[in-house]
Protein chains: 2
Amino acid sequence: MSTADEWSALLATDRASLDRGGYGERVADVLRDRITQGVFPPGTRLSEEALREALGVSRNTLREAFRLLAHEGLLAHEFNRGVFVRELTADDVRDLYAFRRILEGAAIRAAASAPAGALDRVREAVESAEAAARRDEWVEVGTSNMRFHQAIAGLANSRRLTESVRRLLAELRLVFLVMAAPREFHEPYLHVNREIYGLLAMGAVARAAAVLDRYLDRAERQLLDAFER
Amino acid sequence: MSTADEWSALLATDRASLDRGGYGERVADVLRDRITQGVFPPGTRLSEEALREALGVSRNTLREAFRLLAHEGLLAHEFNRGVFVRELTADDVRDLYAFRRILEGAAIRAAASAPAGALDRVREAVESAEAAARRDEWVEVGTSNMRFHQAIAGLANSRRLTESVRRLLAELRLVFLVMAAPREFHEPYLHVNREIYGLLAMGAVARAAAVLDRYLDRAERQLLDAFER
DNA sequence: GCATATTTGTCCGTATGTATA
DNA sequence: CTATACATACGGACAAATATG
(Lines give C-alpha, C1' and ligand atoms only; values in the text may rest on other atoms or scores of the structure.)
Protein backbone atom coordinates (compact mmCIF):
# COMPACT_ATOMS: atom_id res chain seq x y z
CA MET A 1 0.00 0.00 0.00
CA SER A 2 1.93 3.00 -1.20
CA THR A 3 0.22 4.94 -4.00
CA ALA A 4 -2.34 7.66 -3.41
CA ASP A 5 -4.93 5.73 -5.41
CA GLU A 6 -4.80 2.77 -3.09
CA TRP A 7 -5.29 5.03 -0.09
CA SER A 8 -8.10 6.89 -1.81
CA ALA A 9 -10.25 3.78 -1.91
CA LEU A 10 -9.91 3.41 1.86
CA LEU A 11 -10.81 7.00 2.47
CA ALA A 12 -13.92 7.33 0.33
CA THR A 13 -16.40 9.31 2.37
CA ASP A 14 -19.34 11.60 2.04
CA ARG A 15 -17.95 15.10 1.73
CA ALA A 16 -21.16 16.30 3.35
CA SER A 17 -19.74 15.33 6.72
CA LEU A 18 -16.75 17.54 6.06
CA ASP A 19 -18.29 20.91 6.69
CA ARG A 20 -17.66 22.09 10.21
CA GLY A 21 -14.66 23.54 11.98
CA GLY A 22 -11.19 23.74 10.47
CA TYR A 23 -9.97 21.44 7.76
CA GLY A 24 -7.66 19.76 10.22
CA GLU A 25 -10.52 18.58 12.39
CA ARG A 26 -12.48 17.28 9.45
CA VAL A 27 -9.50 15.31 8.20
CA ALA A 28 -8.97 13.99 11.73
CA ASP A 29 -12.61 12.86 11.80
CA VAL A 30 -12.15 10.82 8.63
CA LEU A 31 -8.93 9.24 9.81
CA ARG A 32 -10.35 8.51 13.26
CA ASP A 33 -13.22 6.59 11.70
CA ARG A 34 -10.90 4.51 9.59
CA ILE A 35 -8.63 3.73 12.50
CA THR A 36 -11.38 2.71 14.92
CA GLN A 37 -12.98 0.61 12.16
CA GLY A 38 -9.72 -1.23 11.71
CA VAL A 39 -9.15 -0.05 8.12
CA PHE A 40 -5.74 1.20 9.25
CA PRO A 41 -4.65 -1.44 11.75
CA PRO A 42 -2.28 -0.65 14.62
CA GLY A 43 1.28 -0.34 13.38
CA THR A 44 0.29 1.04 9.97
CA ARG A 45 2.43 3.94 8.91
CA LEU A 46 0.37 6.85 7.58
CA SER A 47 2.37 8.34 4.72
CA GLU A 48 2.11 12.10 4.58
CA GLU A 49 2.50 12.30 0.84
CA ALA A 50 0.02 9.54 -0.05
CA LEU A 51 -2.61 10.74 2.41
CA ARG A 52 -2.16 14.34 1.35
CA GLU A 53 -2.95 13.44 -2.24
CA ALA A 54 -5.74 11.02 -1.34
CA LEU A 55 -7.50 13.54 0.87
CA GLY A 56 -6.77 16.52 -1.32
CA VAL A 57 -5.39 18.69 1.46
CA SER A 58 -2.04 20.29 2.11
CA ARG A 59 0.70 18.86 4.28
CA ASN A 60 0.10 21.56 6.86
CA THR A 61 -3.53 20.61 7.21
CA LEU A 62 -2.75 16.91 7.30
CA ARG A 63 -0.10 17.41 9.96
CA GLU A 64 -2.62 19.29 12.06
CA ALA A 65 -4.95 16.31 11.83
CA PHE A 66 -2.06 14.02 12.79
CA ARG A 67 -1.39 16.16 15.82
CA LEU A 68 -5.01 16.03 16.95
CA LEU A 69 -5.10 12.26 16.66
CA ALA A 70 -1.72 11.85 18.31
CA HIS A 71 -3.07 13.86 21.22
CA GLU A 72 -6.00 11.47 21.45
CA GLY A 73 -3.57 8.59 21.64
CA LEU A 74 -4.65 7.03 18.35
CA LEU A 75 -1.45 7.89 16.50
CA ALA A 76 2.17 7.79 17.59
CA HIS A 77 4.49 10.41 16.11
CA GLU A 78 8.12 9.36 15.78
CA PHE A 79 10.40 12.24 14.95
CA ASN A 80 11.88 12.10 11.45
CA ARG A 81 10.21 8.75 10.88
CA GLY A 82 6.55 9.53 10.46
CA VAL A 83 3.20 8.80 12.03
CA PHE A 84 1.95 5.33 12.93
CA VAL A 85 -1.33 3.93 14.17
CA ARG A 86 -0.67 3.30 17.82
CA GLU A 87 -0.01 -0.26 18.96
CA LEU A 88 -1.14 -0.90 22.50
CA THR A 89 0.38 -3.60 24.67
CA ALA A 90 -0.96 -5.79 27.44
CA ASP A 91 0.61 -3.30 29.86
CA ASP A 92 -1.43 -0.56 28.26
CA VAL A 93 -4.57 -2.59 28.84
CA ARG A 94 -3.70 -2.97 32.51
CA ASP A 95 -2.98 0.76 32.79
CA LEU A 96 -6.16 1.74 30.99
CA TYR A 97 -8.27 -0.41 33.27
CA ALA A 98 -6.50 0.74 36.42
CA PHE A 99 -7.25 4.29 35.34
CA ARG A 100 -10.84 3.42 34.44
CA ARG A 101 -11.40 2.00 37.92
CA ILE A 102 -10.19 5.26 39.44
CA LEU A 103 -12.10 7.62 37.18
CA GLU A 104 -15.33 5.75 36.61
CA GLY A 105 -15.31 4.61 40.22
CA ALA A 106 -15.00 8.17 41.48
CA ALA A 107 -17.72 9.30 39.09
CA ILE A 108 -20.24 6.64 40.03
CA ARG A 109 -19.68 7.20 43.76
CA ALA A 110 -20.58 10.86 43.12
CA ALA A 111 -23.90 9.87 41.54
CA ALA A 112 -25.90 11.20 44.51
CA SER A 113 -24.78 14.75 43.71
CA ALA A 114 -24.89 14.37 39.94
CA PRO A 115 -26.32 17.26 37.89
CA ALA A 116 -29.87 17.08 36.62
CA GLY A 117 -30.25 14.93 33.54
CA ALA A 118 -26.95 13.11 33.97
CA LEU A 119 -28.69 9.91 35.01
CA ASP A 120 -31.02 10.23 32.03
CA ARG A 121 -28.07 10.02 29.70
CA VAL A 122 -27.02 6.79 31.39
CA ARG A 123 -30.47 5.34 30.75
CA GLU A 124 -30.46 6.56 27.14
CA ALA A 125 -27.13 4.83 26.52
CA VAL A 126 -28.48 1.59 27.99
CA GLU A 127 -31.57 1.75 25.82
CA SER A 128 -29.69 2.63 22.65
CA ALA A 129 -27.37 -0.35 23.17
CA GLU A 130 -30.34 -2.65 23.70
CA ALA A 131 -32.02 -1.32 20.56
CA ALA A 132 -28.86 -1.88 18.51
CA ALA A 133 -28.62 -5.42 19.88
CA ARG A 134 -32.18 -6.13 18.74
CA ARG A 135 -31.10 -5.00 15.26
CA ASP A 136 -28.05 -7.31 15.44
CA GLU A 137 -25.71 -4.32 14.96
CA TRP A 138 -22.90 -5.31 17.28
CA VAL A 139 -20.47 -2.61 16.30
CA GLU A 140 -23.19 -0.12 17.17
CA VAL A 141 -23.66 -1.91 20.47
CA GLY A 142 -20.01 -1.29 21.19
CA THR A 143 -20.39 2.40 20.38
CA SER A 144 -23.40 2.66 22.69
CA ASN A 145 -21.45 0.88 25.39
CA MET A 146 -18.81 3.61 25.12
CA ARG A 147 -21.62 6.15 25.47
CA PHE A 148 -22.74 4.36 28.61
CA HIS A 149 -19.37 4.69 30.25
CA GLN A 150 -19.06 8.27 29.10
CA ALA A 151 -22.41 8.92 30.76
CA ILE A 152 -21.15 7.29 33.97
CA ALA A 153 -18.22 9.71 33.87
CA GLY A 154 -20.69 12.58 33.48
CA LEU A 155 -22.12 11.82 36.93
CA ALA A 156 -19.03 13.41 38.48
CA ASN A 157 -19.91 16.77 36.93
CA SER A 158 -16.26 17.52 36.18
CA ARG A 159 -15.28 18.76 32.74
CA ARG A 160 -11.76 17.45 33.14
CA LEU A 161 -12.79 14.03 34.38
CA THR A 162 -15.26 13.72 31.50
CA GLU A 163 -12.54 14.66 29.04
CA SER A 164 -10.07 12.18 30.54
CA VAL A 165 -12.60 9.38 30.22
CA ARG A 166 -13.31 10.41 26.64
CA ARG A 167 -9.64 10.06 25.73
CA LEU A 168 -9.37 6.82 27.67
CA LEU A 169 -12.28 5.29 25.77
CA ALA A 170 -10.83 6.46 22.46
CA GLU A 171 -7.65 4.56 23.22
CA LEU A 172 -9.67 1.53 24.23
CA ARG A 173 -11.15 1.34 20.76
CA LEU A 174 -7.68 0.47 19.53
CA VAL A 175 -7.64 -2.42 21.98
CA PHE A 176 -11.07 -3.68 21.00
CA LEU A 177 -9.75 -4.29 17.50
CA VAL A 178 -8.06 -7.43 18.82
CA MET A 179 -11.43 -8.90 19.75
CA ALA A 180 -12.41 -11.03 16.81
CA ALA A 181 -16.04 -11.55 17.86
CA PRO A 182 -17.72 -8.25 18.78
CA ARG A 183 -21.01 -9.92 19.64
CA GLU A 184 -19.58 -12.36 22.15
CA PHE A 185 -17.58 -9.52 23.68
CA HIS A 186 -20.30 -6.91 23.99
CA GLU A 187 -23.47 -8.93 24.50
CA PRO A 188 -23.01 -9.89 28.16
CA TYR A 189 -22.61 -6.24 29.14
CA LEU A 190 -26.07 -5.23 27.99
CA HIS A 191 -27.50 -6.82 31.10
CA VAL A 192 -24.76 -5.46 33.35
CA ASN A 193 -25.31 -1.91 32.13
CA ARG A 194 -29.04 -2.21 32.69
CA GLU A 195 -28.36 -3.48 36.21
CA ILE A 196 -26.00 -0.60 37.00
CA TYR A 197 -28.56 1.92 35.80
CA GLY A 198 -31.28 0.27 37.88
CA LEU A 199 -29.16 0.43 41.03
CA LEU A 200 -28.30 4.07 40.39
CA ALA A 201 -31.95 4.94 39.76
CA MET A 202 -32.91 3.52 43.17
CA GLY A 203 -30.02 5.31 44.86
CA ALA A 204 -27.97 2.17 45.60
CA VAL A 205 -24.73 3.89 44.68
CA ALA A 206 -22.36 1.59 46.55
CA ARG A 207 -23.83 -1.52 44.97
CA ALA A 208 -23.71 0.09 41.52
CA ALA A 209 -20.04 0.88 42.08
CA ALA A 210 -19.39 -2.73 43.07
CA VAL A 211 -21.06 -4.05 39.91
CA LEU A 212 -19.08 -1.62 37.80
CA ASP A 213 -15.86 -2.81 39.41
CA ARG A 214 -16.67 -6.43 38.62
CA TYR A 215 -17.51 -5.41 35.06
CA LEU A 216 -14.12 -3.75 34.65
CA ASP A 217 -12.29 -6.73 36.11
CA ARG A 218 -14.02 -9.08 33.72
CA ALA A 219 -13.51 -6.94 30.62
CA GLU A 220 -9.84 -6.49 31.44
CA ARG A 221 -9.34 -10.21 31.83
CA GLN A 222 -11.06 -10.91 28.53
CA LEU A 223 -8.86 -8.41 26.71
CA LEU A 224 -5.67 -9.70 28.33
CA ASP A 225 -6.64 -13.23 27.31
CA ALA A 226 -7.11 -12.04 23.73
CA PHE A 227 -3.69 -10.40 23.88
CA GLU A 228 -2.08 -13.68 24.85
CA ARG A 229 -2.97 -14.94 21.39
CA MET B 1 2.63 45.69 22.47
CA SER B 2 2.51 45.05 18.75
CA THR B 3 5.90 45.24 17.07
CA ALA B 4 8.29 42.31 16.82
CA ASP B 5 10.98 44.28 18.64
CA GLU B 6 8.88 44.65 21.74
CA TRP B 7 8.17 40.93 21.77
CA SER B 8 11.82 40.13 21.19
CA ALA B 9 12.81 41.64 24.51
CA LEU B 10 10.36 39.37 26.29
CA LEU B 11 11.64 36.31 24.52
CA ALA B 12 15.39 36.71 25.01
CA THR B 13 16.70 33.28 25.91
CA ASP B 14 19.81 31.18 25.74
CA ARG B 15 19.78 29.47 22.37
CA ALA B 16 21.79 26.67 24.00
CA SER B 17 18.60 25.29 25.45
CA LEU B 18 17.14 25.08 21.97
CA ASP B 19 18.87 21.98 20.70
CA ARG B 20 16.67 18.97 21.17
CA GLY B 21 13.62 17.64 19.40
CA GLY B 22 11.73 19.50 16.69
CA TYR B 23 11.70 23.24 16.33
CA GLY B 24 8.08 23.33 17.29
CA GLU B 25 8.78 21.79 20.67
CA ARG B 26 11.65 24.15 21.35
CA VAL B 27 9.52 27.16 20.52
CA ALA B 28 6.81 25.74 22.75
CA ASP B 29 9.35 25.42 25.58
CA VAL B 30 10.25 29.10 25.31
CA LEU B 31 6.64 30.23 25.23
CA ARG B 32 5.69 27.90 28.09
CA ASP B 33 8.35 29.47 30.28
CA ARG B 34 7.15 32.96 29.52
CA ILE B 35 3.54 32.07 30.17
CA THR B 36 4.14 30.34 33.50
CA GLN B 37 6.41 33.20 34.56
CA GLY B 38 3.60 35.63 33.89
CA VAL B 39 5.41 37.48 31.10
CA PHE B 40 2.41 36.81 28.89
CA PRO B 41 -0.51 37.15 31.31
CA PRO B 42 -3.79 35.27 30.78
CA GLY B 43 -5.85 36.88 28.06
CA THR B 44 -2.85 38.06 26.04
CA ARG B 45 -3.23 37.45 22.35
CA LEU B 46 -0.11 35.89 20.82
CA SER B 47 0.29 37.44 17.38
CA GLU B 48 1.56 35.02 14.78
CA GLU B 49 3.37 37.64 12.79
CA ALA B 50 5.10 39.36 15.71
CA LEU B 51 6.14 36.12 17.38
CA ARG B 52 7.28 34.63 14.09
CA GLU B 53 9.68 37.50 13.56
CA ALA B 54 10.77 37.69 17.20
CA LEU B 55 11.56 33.98 17.36
CA GLY B 56 12.99 33.74 13.86
CA VAL B 57 10.91 30.74 12.83
CA SER B 58 8.36 30.21 10.12
CA ARG B 59 4.66 30.53 10.65
CA ASN B 60 4.17 26.80 10.26
CA THR B 61 6.65 26.06 13.01
CA LEU B 62 5.12 28.66 15.29
CA ARG B 63 1.66 27.27 14.71
CA GLU B 64 2.94 23.83 15.65
CA ALA B 65 4.15 25.25 18.95
CA PHE B 66 0.75 26.88 19.44
CA ARG B 67 -0.95 23.54 18.96
CA LEU B 68 1.28 21.84 21.50
CA LEU B 69 0.58 24.48 24.11
CA ALA B 70 -3.14 24.48 23.33
CA HIS B 71 -3.15 20.74 24.03
CA GLU B 72 -1.55 21.44 27.38
CA GLY B 73 -4.32 23.88 28.17
CA LEU B 74 -2.02 26.88 28.37
CA LEU B 75 -3.32 28.51 25.17
CA ALA B 76 -6.84 28.80 23.82
CA HIS B 77 -7.22 28.70 20.05
CA GLU B 78 -10.14 30.68 18.64
CA PHE B 79 -10.81 29.94 15.01
CA ASN B 80 -9.98 32.82 12.68
CA ARG B 81 -9.15 35.01 15.68
CA GLY B 82 -5.84 33.69 16.94
CA VAL B 83 -4.41 32.15 20.08
CA PHE B 84 -4.70 33.61 23.56
CA VAL B 85 -3.12 32.79 26.88
CA ARG B 86 -5.84 30.85 28.63
CA GLU B 87 -7.89 32.61 31.28
CA LEU B 88 -9.12 30.28 33.99
CA THR B 89 -12.22 31.02 36.03
CA ALA B 90 -13.24 30.25 39.59
CA ASP B 91 -15.18 27.30 38.16
CA ASP B 92 -11.97 26.02 36.62
CA VAL B 93 -10.31 26.19 40.03
CA ARG B 94 -13.12 24.16 41.57
CA ASP B 95 -12.91 21.61 38.74
CA LEU B 96 -9.12 21.36 38.95
CA TYR B 97 -9.25 20.72 42.68
CA ALA B 98 -12.11 18.23 42.43
CA PHE B 99 -10.01 16.35 39.89
CA ARG B 100 -6.88 16.65 42.03
CA ARG B 101 -8.70 15.10 44.97
CA ILE B 102 -9.69 12.13 42.82
CA LEU B 103 -6.31 11.59 41.15
CA GLU B 104 -3.90 12.42 43.94
CA GLY B 105 -6.19 10.74 46.45
CA ALA B 106 -6.23 7.52 44.44
CA ALA B 107 -2.46 7.70 44.00
CA ILE B 108 -1.65 8.21 47.68
CA ARG B 109 -3.99 5.43 48.75
CA ALA B 110 -2.01 3.13 46.44
CA ALA B 111 1.25 4.04 48.18
CA ALA B 112 1.54 0.58 49.77
CA SER B 113 2.00 -1.00 46.34
CA ALA B 114 4.07 1.82 44.87
CA PRO B 115 7.05 0.89 42.68
CA ALA B 116 10.55 0.97 44.14
CA GLY B 117 11.98 4.46 44.34
CA ALA B 118 8.66 6.26 44.00
CA LEU B 119 8.67 7.25 47.64
CA ASP B 120 12.24 8.50 47.31
CA ARG B 121 11.10 10.99 44.70
CA VAL B 122 8.52 12.30 47.15
CA ARG B 123 11.26 12.84 49.72
CA GLU B 124 13.54 14.49 47.16
CA ALA B 125 10.79 16.95 46.23
CA VAL B 126 10.23 17.80 49.90
CA GLU B 127 13.93 18.40 50.45
CA SER B 128 14.39 20.44 47.31
CA ALA B 129 11.51 22.70 48.32
CA GLU B 130 13.00 23.15 51.79
CA ALA B 131 16.39 23.98 50.30
CA ALA B 132 14.85 26.59 47.97
CA ALA B 133 13.01 28.12 50.93
CA ARG B 134 16.29 28.47 52.85
CA ARG B 135 17.63 30.35 49.80
CA ASP B 136 14.51 32.59 49.78
CA GLU B 137 13.69 31.48 46.23
CA TRP B 138 9.93 31.29 46.48
CA VAL B 139 9.20 30.73 42.82
CA GLU B 140 11.54 27.74 43.00
CA VAL B 141 9.65 26.57 46.08
CA GLY B 142 6.50 26.62 43.99
CA THR B 143 8.19 24.55 41.28
CA SER B 144 9.38 22.01 43.86
CA ASN B 145 5.89 21.86 45.30
CA MET B 146 4.64 20.87 41.84
CA ARG B 147 7.34 18.17 41.80
CA PHE B 148 6.03 16.95 45.15
CA HIS B 149 2.54 16.47 43.84
CA GLN B 150 3.83 14.89 40.67
CA ALA B 151 5.74 12.46 42.86
CA ILE B 152 2.57 11.70 44.83
CA ALA B 153 0.91 10.87 41.51
CA GLY B 154 3.81 8.54 40.71
CA LEU B 155 2.87 6.32 43.66
CA ALA B 156 -0.04 4.98 41.63
CA ASN B 157 2.37 3.50 39.08
CA SER B 158 0.05 4.45 36.21
CA ARG B 159 1.48 6.20 33.17
CA ARG B 160 -1.86 7.74 32.32
CA LEU B 161 -2.60 8.95 35.82
CA THR B 162 0.86 10.51 36.00
CA GLU B 163 0.31 12.24 32.67
CA SER B 164 -3.11 13.54 33.73
CA VAL B 165 -1.65 15.03 36.89
CA ARG B 166 1.14 16.61 34.86
CA ARG B 167 -1.34 18.40 32.65
CA LEU B 168 -3.46 19.34 35.62
CA LEU B 169 -0.51 20.95 37.37
CA ALA B 170 0.48 22.79 34.19
CA GLU B 171 -2.96 24.39 34.10
CA LEU B 172 -2.69 25.22 37.78
CA ARG B 173 0.37 27.36 37.10
CA LEU B 174 -1.94 29.70 35.21
CA VAL B 175 -4.05 29.99 38.34
CA PHE B 176 -1.11 30.61 40.64
CA LEU B 177 -0.38 33.78 38.69
CA VAL B 178 -3.27 35.45 40.52
CA MET B 179 -1.47 34.94 43.83
CA ALA B 180 0.37 38.17 44.45
CA ALA B 181 2.54 36.90 47.30
CA PRO B 182 4.23 33.59 46.37
CA ARG B 183 5.96 33.29 49.75
CA GLU B 184 2.82 33.57 51.83
CA PHE B 185 1.09 31.13 49.52
CA HIS B 186 3.76 28.44 49.35
CA GLU B 187 5.50 28.63 52.72
CA PRO B 188 2.87 26.89 54.87
CA TYR B 189 2.94 23.86 52.61
CA LEU B 190 6.58 23.06 53.26
CA HIS B 191 5.62 21.62 56.62
CA VAL B 192 2.55 19.87 55.26
CA ASN B 193 4.55 18.16 52.52
CA ARG B 194 7.14 17.00 55.06
CA GLU B 195 4.35 15.65 57.24
CA ILE B 196 2.76 13.74 54.34
CA TYR B 197 6.09 12.19 53.45
CA GLY B 198 6.71 11.20 57.05
CA LEU B 199 3.34 9.48 57.29
CA LEU B 200 3.93 7.65 54.02
CA ALA B 201 7.39 6.55 55.13
CA MET B 202 5.93 4.94 58.24
CA GLY B 203 3.15 3.30 56.26
CA ALA B 204 0.32 5.45 57.64
CA VAL B 205 -1.32 5.74 54.23
CA ALA B 206 -4.83 6.63 55.41
CA ARG B 207 -3.56 9.46 57.59
CA ALA B 208 -1.37 10.75 54.78
CA ALA B 209 -4.39 10.78 52.49
CA ALA B 210 -6.37 12.73 55.08
CA VAL B 211 -3.65 15.36 55.41
CA LEU B 212 -3.44 15.65 51.64
CA ASP B 213 -7.19 16.20 51.46
CA ARG B 214 -7.03 19.00 54.01
CA TYR B 215 -4.14 20.53 52.06
CA LEU B 216 -6.19 20.54 48.86
CA ASP B 217 -9.21 22.06 50.61
CA ARG B 218 -7.12 24.85 52.04
CA ALA B 219 -5.27 25.65 48.79
CA GLU B 220 -8.53 25.71 46.86
CA ARG B 221 -10.10 28.11 49.35
CA GLN B 222 -7.08 30.42 49.18
CA LEU B 223 -7.22 30.53 45.40
CA LEU B 224 -10.96 31.11 45.30
CA ASP B 225 -10.52 33.96 47.77
CA ALA B 226 -7.89 35.47 45.50
CA PHE B 227 -10.29 35.14 42.57
CA GLU B 228 -12.93 37.12 44.41
CA ARG B 229 -10.65 40.15 44.12
C1' DG C 1 -23.55 50.10 7.93
C1' DC C 2 -19.64 50.30 4.91
C1' DA C 3 -14.98 50.20 3.24
C1' DT C 4 -10.33 49.26 4.45
C1' DA C 5 -6.53 47.14 6.76
C1' DT C 6 -4.97 43.46 9.44
C1' DT C 7 -4.66 38.73 10.60
C1' DT C 8 -5.54 34.08 10.20
C1' DG C 9 -6.38 29.71 7.32
C1' DT C 10 -4.73 27.12 3.66
C1' DC C 11 -1.88 25.68 -0.14
C1' DC C 12 2.39 25.10 -2.67
C1' DG C 13 7.40 24.90 -4.16
C1' DT C 14 11.79 24.14 -2.49
C1' DA C 15 15.89 23.24 0.33
C1' DT C 16 17.85 20.53 3.94
C1' DG C 17 18.50 16.85 7.00
C1' DT C 18 17.47 12.06 8.40
C1' DA C 19 16.45 7.16 7.98
C1' DT C 20 16.61 3.08 5.38
C1' DA C 21 17.28 -0.23 1.39
C1' DC D 1 28.74 3.65 1.03
C1' DT D 2 25.56 5.35 -2.08
C1' DA D 3 21.14 6.25 -3.43
C1' DT D 4 16.43 6.83 -2.61
C1' DA D 5 12.54 8.11 -0.06
C1' DC D 6 10.68 10.86 3.25
C1' DA D 7 10.07 14.16 7.02
C1' DT D 8 11.26 18.80 8.63
C1' DA D 9 11.33 23.55 7.98
C1' DC D 10 11.18 27.80 5.31
C1' DG D 11 8.94 31.49 2.62
C1' DG D 12 5.67 33.16 -0.46
C1' DA D 13 1.06 33.44 -2.11
C1' DC D 14 -3.93 34.05 -1.96
C1' DA D 15 -8.57 33.53 0.07
C1' DA D 16 -11.44 34.22 3.97
C1' DA D 17 -12.55 36.10 8.27
C1' DT D 18 -12.03 39.64 11.54
C1' DA D 19 -10.98 44.10 13.39
C1' DT D 20 -10.77 49.03 12.63
C1' DG D 21 -11.81 53.55 11.05
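All values derive from a computational prediction rather than experimental measurement.

Draft legend 1. Seen up close, the overall build of chain A. In terms of regular secondary structure, chain A is built from 10 helices and three strands. Reading chain A from its N terminus to its C terminus gives the helix and strand order α-α-β-α-α-β-β-α-α-α-α-α-α. In summary, chain A has a C-alpha radius of gyration of 19 Å against a globular reference of 17 Å for 229 residues, a match within 12%. Projected onto the principal axes, the alpha-carbon positions of chain A cover approximately 55 × 40 × 35 Å.

Draft legend 2. Structural view of the pairing of strand β2 (residues 75-78) of chain B. Residues and elements named next belong to chain B. In the sheet, β2 pairs with strand β3 (residues 82-85) via four bridges, with the strands oriented antiparallel. Each bridged residue has a counterpart across the sheet, and for A76 the counterpart in β3 is F84. Here β2 folds back onto β3, and the loop between the two strands holds three residues, one of which, N80, carries a positive phi near 65°.

Draft legend 3. Broad picture of the relation of the copies chain A and chain B. Mapping chain A onto chain B is achieved by rotating through 180° and translating by 0.2 Å along the same axis, at an RMSD of 0.2 Å. Within this description, the copies of the chain are treated as partners about a two-fold rotation axis. The fraction of interface residues of chain A whose copies in chain B are also interface residues reaches 94%, indicating that both copies meet through the same surface.

Draft legend 4. Fine view of helix α4 (residues 59-72) of chain A. Here α4(A) is 14 residues long and its end C-alpha atoms lie 20 Å apart, about the 20 Å a rise of 1.5 Å per residue gives. Restricting attention to buried positions, one finds in α4(A) the residues L62(A), R63(A), E64(A), A65(A), F66(A), R67(A), L68(A) and L69(A). Against the buried residues of α4(A) lie α2 (23-36), α3 (48-55), β2 (75-78) and β3 (82-85) of chain A together with α4 (59-71) of chain B. Following α4(A) by one or two positions, G73(A) adopts a phi angle in the positive range, close to 90°.

Draft legend 5. Representation of the sheet that holds β2(B) within the structure. All names here are of chain B. With respect to topology, three strands assemble into an open sheet ordered β1-β3-β2, the strand pairing being antiparallel. Two strands in the sheet have a free side with no partner beyond their single neighbour: β1 (45-46) and β2. Across two bridges, β1 lies against β3 in antiparallel orientation. Paired with R45 across the bridge in β3 is F84.

Draft legend 6. Representation of the protein's contact with DNA strand D. With respect to spatial proximity, 16 residues lie near DNA strand D, and among them E48(A), G22(B), Y23(B), S58(B) and T61(B) are the closest. Elements that contribute at least two residues to the surface near DNA strand D include exactly α3 of chain A together with α2 (23-36) and α4 of chain B.

Draft legend 7. Geometry of the interface of chain A and chain B. At the interface, 16 residues of chain A touch 16 residues of chain B. Secondary structure elements with two or more residues in the side of chain A that touches chain B: α4, α5 (90-109) and α8 (159-176) of chain A. With five residues, α5(A) is the single largest residue contributor to the side of chain A that touches chain B. Its residues placed into classes, the side of chain A that touches chain B shows six nonpolar, five polar and five charged.

Draft legend 8. Inspection of the domain arrangement of chain A at higher detail. Residue and element names in this part refer to chain A. Each assigned domain of chain A is listed here: domain 1 (4-85) and domain 2 (90-228). Between domain 1 and domain 2, the C-alpha centre-to-centre distance is 27 Å. In this assembly, seven residues from domain 1 lie in contact with six residues from domain 2. Here the side of domain 1 that touches domain 2 is composed, by residue class, of three nonpolar, three polar and one charged.

Draft legend 9. A look at the protein's contact with DNA strand C. Taken together, 15 residues surround DNA strand C, and among them Y23(A), S58(A), T61(A), E48(B) and G82(B) come closest. Counting only elements with at least two residues in the surface near DNA strand C, the list comes to α2 and α4 of chain A together with α3 (48-55) of chain B. Its residues placed into classes, the surface near DNA strand C shows three nonpolar, nine polar and three charged.

Draft legend 10. Layout of the confidence of the model for chain A. Of the residues in chain A, 90% have a pLDDT of 70 or more, and the chain-wide mean is 88. Throughout residues 13-20 of chain A the model reports pLDDT below 50, and contacts reaching past four residues in sequence, or to other chains, amount to two contacts.

Draft legend 11. Quick peek at the sheet that holds strand β1 (residues 45-46) of chain A. Residue and element names in this part refer to chain A. In space, the three strands of this open sheet follow the order β1-β3-β2, with antiparallel pairing throughout. Edge positions in the sheet fall to β1 and β2, since each of these pairs with one other strand and no more. Of the strands in this sheet, β2 and β3 touch α4, which is tilted by about 115° from β2.

Draft legend 12. Geometry of the packing of α5(A) against helix α10 (residues 205-228) of chain A. All names here are of chain A. Where α5 meets α10, the axes come as close as 10 Å, and the angle between the chain directions of the two elements is 170°. Classed by the angle they form, the pair α5 and α10 counts as roughly antiparallel. Every residue of α10 that contacts α5 at A90, V93, Y97, R100, R101, E104, G105, I108 and R109 is listed here: V205, A208, A209, L212, D213, L216, E220, L223, L224 and F227. Considering only residue class, the contact of α5 with α10 consists of 12 nonpolar, one polar and six charged.

Draft legend 13. Layout of the environment of E195(A). Residues and elements named next belong to chain A. If you trace the backbone, E195 turns up in helix α9 (residues 182-201). By the C-beta count within 10 Å, which is 17 here, E195 ends up partly exposed. Through-space distance from the C-alpha of E195 to that of S164 is 25 Å; in sequence the pair is 31 residues apart.

Draft legend 14. The arrangement of the nonpolar core in detail. Among the nonpolar cores identified, the biggest contains 118 residues, and A107(A) and A107(B) are the most heavily contacted of them. Filtering out sequence-adjacent residues up to four positions away, A107(B) remains in contact with I152(B), A153(B), L155(B), A156(B) and L161(B).

Draft legend 15. View of α8(A). Here α8(A) is 18 residues long and its end C-alpha atoms lie 26 Å apart, about the 26 Å a rise of 1.5 Å per residue gives. Buried residues of α8(A): R160(A), L161(A), S164(A), V165(A), L168(A), L172(A), L174(A), V175(A) and F176(A), and no others. The inward-facing, buried residues of α8(A) contact α5, α7 (138-154) and α10 of chain A together with α5 (90-109) and α8 (159-176) of chain B.

Conventions adopted
Residues numbered from 1 in each chain as written. Chains lettered and ligands numbered in written order. Predicted model: local features only at pLDDT ≥ 70, side-chain atom pairs only at ≥ 80, totals over all residues. Helix = DSSP H or I, 4+ residues; strand = E, 2+ residues; numbered from the N terminus. Rg over C-alpha atoms; globule rule 2.2 N^0.38 Å. Pairing = 2+ DSSP bridges. Least-squares fit on C-alpha atoms with pLDDT ≥ 70 in both. Contact = placed C-beta atoms within 7 Å. Expected span 1.5 Å × (residues − 1). Buried ≥ 20, exposed ≤ 12 C-beta atoms within 10 Å, placed from the backbone. Near = placed C-beta within 6 Å. Nonpolar A, V, L, I, M, F, W, Y, C, P; charged D, E, K, R; others polar. Domains from an automatic or database assignment. pLDDT = per-residue confidence, 0-100. Axes fitted to C-alpha atoms, helices over the stretch in contact; angles between N-to-C directions. Parallel < 35°, antiparallel > 145°, perpendicular 65-115°, else oblique. Core = buried A, V, L, I, M, F, W, Y, C linked by C-beta atoms within 7 Å.

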